[in-house]
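Letter by letter, the chains look like this.
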Amino acid sequence: MAFLLGLGVSALAAEQRGALALIKEPLDPTFGSDVCVGIFDVTNGKDVPNMRTFRHHYCQGRYTLTLDGKRGQVVTLFGRSDFNKENGFLILRKTDDRKVWLPDLEGMPSGQWVKRAPTEDSGGVQVFYQAVPNFSQDISSVKWGRWWRGPRPQ
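These numbers come from a predicted model, not from an experiment. (Residues numbered from 1 in each chain as written. Predicted model: local features only at pLDDT ≥ 70, side-chain atom pairs only at ≥ 80, totals over all residues. Heavy atoms only, no water.)

Undergrad: Help me understand the sheet that holds strand 6 (residues 100-102), please; the structure alone is not making it clear to me.
TA: Sheets are built from strands paired through backbone hydrogen bonds, the pairs being either parallel or antiparallel. If you walk across this open sheet you meet the four strands as 2-1-3-6, and the pairing is antiparallel. In this open sheet, the two edge strands, each paired with only one partner strand, are strand 2 (38-42) and strand 6. Averaged over neighbouring strand pairs, the angle between their axes works out to 20° when direction is ignored. Where strand 1 (residues 20-26) meets strand 3 (residues 61-67), seven bridges bridge the pair, whose relative direction is antiparallel. Pairing of Pro-26 across the sheet is with Gly-61, part of strand 3. (Pairing = 2+ DSSP bridges. Helix = DSSP H or I, 4+ residues; strand = E, 2+ residues; numbered from the N terminus. Axes fitted to C-alpha atoms, helices over the stretch in contact; angles between N-to-C directions.)

Undergrad: Even after reading the chapter, I still don't get the environment of Lys-24, so can you show me in this structure?
TA: Looking at the secondary structure, you find Lys-24 in strand 1. Remark: the alpha-carbon pair of Lys-24 and Ile-39, spanning 15 residues in sequence, is separated by 6.3 Å.

Undergrad: For this particular structure, what's the right way to read the sheet that holds strand 7 (residues 113-116)?
TA: Strand order in the open sheet formed by five strands is 7-8-5-4-9, with antiparallel pairing between adjacent strands. Among the strands making up the open sheet, the edge pair consists of strand 7 and strand 9 (141-144). Neighbour-to-neighbour, the strand axes of this sheet turn through a mean angle of 20°, independent of strand direction. Examined bridge by bridge, strand 4 (residues 74-78) and strand 9 share four bridges and lie antiparallel to one another. Each residue of the ladder has a partner; that of Val-75, found in strand 9, is Trp-144.

Below, the structure written as structure tokens:
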């Protein structure tokens, strides 16, 4: 079953049209429903203050992502609309030109920069995660570029 779900996610990621693809998947894949499966494509450089227009935004599910673009590109996912940091955020900074695939948005330590080396399946990336419960279910806005001052986002 996990293998089949992986094929579905890979097929969805292959359909990516924007630089960032937020892939929504059901919380419980054993139900086998594709009702809450979809991709929210985000164009490079186009901030999204509110993801309400995404058809699957309000259904229960968890996001994974792929990020395409040049080395040094920065994008932040916020757990609230209008780039509000109150419900957590995740910053990605690409370290090479390969596509990054991040299947677990909550798997990093909170409040520090973490570097993930490139692998066979994914490009390299630096990540800063300000953790909150269920962040990967609540992503609500996307901002491109550096928005914070100093070495540590706050």
